[in-house]
Structures are given as C-alpha cells and as structure tokens.
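# Structural overview
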Amino acid sequence: MRGIKDKIAVVTGGTRGIGRGIAQRLADEGAKLVIVGTNMETAEKTAREMRLDGADVEAYAADLRNVSEIDALMAHVHDAYGRIDILVNNAGVQIRQWAVDFTEKDYDFLMDLNLKAYYFTACAAAKYMKAQGGGAIVCVSSGNSTCFTSRRSLYNISKAAVNALVGTLAVEWGRFNIRVNAVAPGYVLTDMVKKGIDDGVIDMETNFKVIPIKRMLSTEEIGNGVCFLASEEASGVTGQTLFIDGGWSRCGLPED
Ligand SMILES: NC(=O)c1ccc[n+]([C@@H]2O[C@H](COP(=O)([O-])OP(=O)(O)OC[C@H]3O[C@@H](n4cnc5c(N)ncnc54)[C@H](O)[C@@H]3O)[C@@H](O)[C@H]2O)c1
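Residues numbered from 1 in each chain as written. Predicted model: local features only at pLDDT ≥ 70, side-chain atom pairs only at ≥ 80, totals over all residues. Heavy atoms only, no water.

### With respect to the sheet that holds strand 5 (residues 135–140)
Consider a sheet: its strands pair through backbone hydrogen bonds, and that pairing is either parallel or antiparallel. To keep it simple, the criterion reads: Only strands joined by at least two bridges in the DSSP assignment are considered to pair. In DSSP terms, a helix is any run of H or I states spanning at least four residues, a strand is any run of E spanning at least two, and both are numbered starting from the N terminus. As a rule, the C-alpha atoms of each element are fitted with a line to give its axis, helices using only the stretch in contact, and angles between N-to-C directions run from 0 to 180 degrees. Residue contacts are counted whenever heavy atoms from the two residues lie within 4.5 Å of one another.
The parallel open sheet is built from 7 strands, whose spatial order is 3-2-1-4-5-6-7. Both outer strands of the open sheet, strand 3 (56–61) and strand 7 (241–244), are each paired with one neighbouring strand and no more. On average, adjacent strands in this sheet sit at an angle of 20° to one another, irrespective of strand direction. When strand 5 meets strand 6 (residues 178–185), the two strands line up parallel, connected through 6 bridges. Opposite glycine 135, over in strand 6, you have isoleucine 178 as the bridge partner. Against the sheet, helix 4 (residues 104–132) contacts strand 1 (8–12), strand 4 (86–89), strand 5 and strand 6, and its axis sits at roughly 180° relative to strand 4. Along the sheet, helix 5 (residues 153–173) contacts strand 5, strand 6 and strand 7; its crossing angle with strand 6, the most-contacted strand, is approximately 165°.

Laid out in structure tokens, this is it:
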C-alpha cells in the first residue's frame, strides 16, 4: 500500500489481539513501529516475535489512562525517530454488565482508556504532525458504536463517542494535512471476546444470526482496513468510520 514504507507508526495496545494484527500489517508494509502495552515484558515479547519475522519494532509500556504518560510516549517517539507519521489508537477495555450495576469506578476505568486516552493521544500526536506537515490517525471503534448490545452501555457510549471524535478532529485538523479516521470491527476472537464467551455473556451462534458473513473477523482483516486508512491511498478520506464487521451493522432481523 502506497505511503506506509519507512513511516513511523505508534500502535497503542499493539502487544496483543487486534492491535498486534494492525502492527503486523503495518510492519508488512514497511512501517517502523512502536507498540504500546501496559506491561513491558509482554510488549517486549511481542516485539521480539515480530522482529523474527523482519519487523522494525520497539516495545513501550505505559498506562495511557494518564495524560502525563501519553505525553511522555509521544515525546519519546519524536525524540527517537524525529517524527510521528501514523498513530493507531487501539488500546481499549470492555466491562459487561447491566447499566444500573456500573459503579463510578467502572465508568472512570473504561472511559479513561476508551475515550480520554484516544482524545489526548490524538492531540499529543497532532502537535508533532502539524509541525512536520501532516500525518494519519486511525482509531479503533467498534460495531457496538451503532449496534447497542445490552450489558455494554459504557462501552457502546465510548465507541459512539470515538466515531464523533474522528469526525470532529478531522474537521479541525484537515487544514494541517492530518487525516483522522476510524475502523469499527465486528467480533474478533481476542482475549476481550474470549472473556465474554467464558463468562456466558457472548453466544456467537446467536450473534451469527445478525452477522451476514456468519463468522468472526480476523485481526488481519482489521489491520487491512487500518493500513488503507493510514496510507496515501486514502489521501482523500478523513472523518470517516469504516465498519469491518461482516455486515453486522447493516443487518435488520436475525437470519439463520
Ligand atoms: N475483539 C473484538 O471483537 C473487538 C470488536 C470491536 C472493537 N474492538 C476494539 O479493539 C481494540 C482492541 O481490542 P482487543 O480485543 O484486541 O483487546 P485485548 O484485550 O486483546 O487487547 C487490549 C490491548 O490494550 C492494551 N491496554 C489495556 N489497558 C491499557 C492501558 N491502560 N494503557 C495502555 N494499553 C492498555 C493491552 O496491553 C492490550 O495490548 C479495543 O479498542 C476494542 O474495544 C474489539
């Protein structure tokens, strides 16, 4: 894909799951990567494995719920590589329970990562992108940003806000040649979804009745969409949310 090779890319939550798939696709296209997770050992393990496949990747640990750690991450990347071309805001959490059972602590825990961190990470990167003449930001939203499944109220709200975030930041930053888009994945079998299945909250056989392609998505399929939006091939695209959900968001009634 044009315009990814040798670009400096930061992928939050790039240490496992969807983030790792995104990081791998960007690495396949020749980007130089910084992958960020909460645990340095896990981040370093993933980076080592990716390097065996030829990726140019640095591991970094931070708790992105703290804005000071976001600023330190971006300053580190800029100091080390001289620029920040691509930011993928991917790190997110899920808590599944009825709306009335959420506590204030749950609210802060989820919103601080799924929304606040996306916002301040985008802003921190945009300062460097503006100074260097441009960049691309891709946020990982969710099918739940429009399909409001029960027992995920905080998550649904945080992801609907991500769609609004990319729209509004795109409007502000188009003048600086910074494009801001999102991908909204359907179900991908990561630790997040495995926990929902193990807890008995997710039943994929039922879900497939409203997912036209009748299967889960792969991390590579999500990475393909992120690569496109980050690349020069999407040079005219900004403020959009691309649903990579096997048609889930288009389905009306359940079908076998
Ligand atoms: N799995 C799905 O089906 C699915 C569907 C739609 C959207 N998503 C979204 O995709 C993204 C990745 O989800 P996943 O399923 O790969 O999850 P995951 O739990 O497998 O991975 C989460 C990643 O986020 C990182 N992380 C967690 N807390 C952090 C913090 N405080 N600071 C920095 N990093 C932190 C973890 O280290 C890990 O790398 C999330 O935003 C999620 O909402 C997932």
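### Observations concerning helix 2 (residues 40–52)
Each full turn of the α-helix corresponds to 3.6 residues, which orients residues three or four apart in the same direction. Filter applied, for reference: Multiplying one less than the number of residues by 1.5 Å gives the expected span of a helix. Burial classes: relative accessible area under 20% of the type maximum marks a residue as buried, over 50% as exposed, and values in between as partly exposed (1.4 Å probe, protein chains only). Relevant arc is that of directions from the helix axis to the C-beta atoms, nothing else.
Taking 1.5 Å of rise per residue, 13 residues should cover 18 Å, and helix 2 covers 18 Å from first to last C-alpha, within 8% of that figure. Restricting attention to buried positions, one finds in helix 2 the residues Ala43, Thr46, Ala47 and Met50. Down the axis of helix 2, the sector holding all buried residues measures 100°, keeping them to one side. With respect to the buried face of helix 2, the exposed residues turned more than 90 degrees away are Glu41 and Leu52. Looking at the packing, one finds that the buried side of helix 2 touches helix 1 (17–28), strand 2 (32–37) and strand 3. Remark: glycine 54 follows helix 2 within two positions and exhibits a positive phi of approximately 95°.

### A word on the packing of helix 1 against helix 2
Spelled out, the test is: Crossing handedness is read from the near helix: turned anticlockwise from the far helix by less than a right angle, it gives a left-handed crossing, and turned clockwise, a right-handed one. Basically, the charged four are Asp, Glu, Lys and Arg, the nonpolar ten are Ala, Val, Leu, Ile, Met, Phe, Trp, Tyr, Cys and Pro, and anything else, Gly included, counts as polar.
At a closest axis distance of 12 Å, the pairing of helix 1 and helix 2 adopts a crossing angle of 35°. Viewed along their axes, helix 1 and helix 2 form a crossing whose handedness is right-handed. Of the residues in helix 2, those in contact with Arg20, Ala23, Gln24 and Ala27 of helix 1 are Thr46, Glu49 and Met50. Each residue belonging to the contact of helix 1 with helix 2 can be placed in one class, and the counts come to 3 nonpolar, 2 polar and 2 charged.

### Describing the packing of aromatic side chains
To keep things clear, this is the line we draw: We call Phe, Tyr and Trp rings a pair once their centres come within 6.5 Å, taking the six-membered ring for Trp, and we label the pair stacked below 30 degrees between planes, edge-to-face above 60, and tilted otherwise. Note on criteria: charge over ring means Lys NZ or Arg CZ within 6 Å of the ring centre, with the direction from the centre no more than 35 degrees off the ring normal.
Counted under the stated rule, the structure contains 2 aromatic pairs. For the pair tyrosine 119 and phenylalanine 120, a centre-to-centre distance of 5.2 Å together with 80° between the ring planes defines the contact as edge-to-face. For phenylalanine 120, a relative accessible area of 33% corresponds to the partly exposed category. Judged by centre distance (5.3 Å) and plane angle (35°), the ring pair of tyrosine 187 and tryptophan 248 falls under tilted. Remark: tryptophan 248 occurs in the segment after strand 7 and tyrosine 187 occurs in the loop between strand 6 and helix 6 (191–198); sequence separation between them is 61 residues. With respect to burial, tyrosine 187 and tryptophan 248 carry one shared label: buried. For the cation-ring pair, lysine 130 lies above phenylalanine 176, with the distance from its terminal atom to the ring centre recorded as 4.5 Å.

### Points about the nonpolar core
The test is simple: Side-chain atoms within 4.5 Å are what join buried Ala, Val, Leu, Ile, Met, Phe, Trp, Tyr and Cys residues into a set we call a nonpolar core.
One finds Val10, Leu26, Leu33, Leu64, Leu73, Ile137 and Trp173 to be the most contacted residues of the largest nonpolar core, which totals 71 residues. Per-element tally for this core: the top contributor is helix 4, with 11 residues. If near-sequence neighbours (up to four positions away) are discounted, leucine 64 is found in contact with Thr12, Val36, Ile70, Leu73, Ala91, Asp112, Leu113 and Ala117. Membership of the second largest hydrophobic core comes to 9 residues, among which are Tyr187, Val193, Phe208 and Ile211.

### Some words on helix 3 (residues 67–81)
With 15 residues, helix 3 ought to run about 21 Å at 1.5 Å a step, and its terminal C-alpha atoms sit 21 Å apart, in line with that. Looking at helix 3, one finds that the buried residues are Ile70, Leu73, Met74 and Val77. Down the axis, helix 3 shows its buried residues gathered within 90° of arc, on one side only. Away from the buried face of helix 3 by more than 90 degrees, exposed residues Ser68 and Asp79 are located. Looking at the packing, one finds that the buried side of helix 3 touches strand 1, strand 2, strand 3, strand 4 and helix 4. Positive phi appears at glycine 82, one or two residues downstream of helix 3, with a value of about 85°.

Interpretation note: all reported values are geometric properties and have no functional meaning in isolation.
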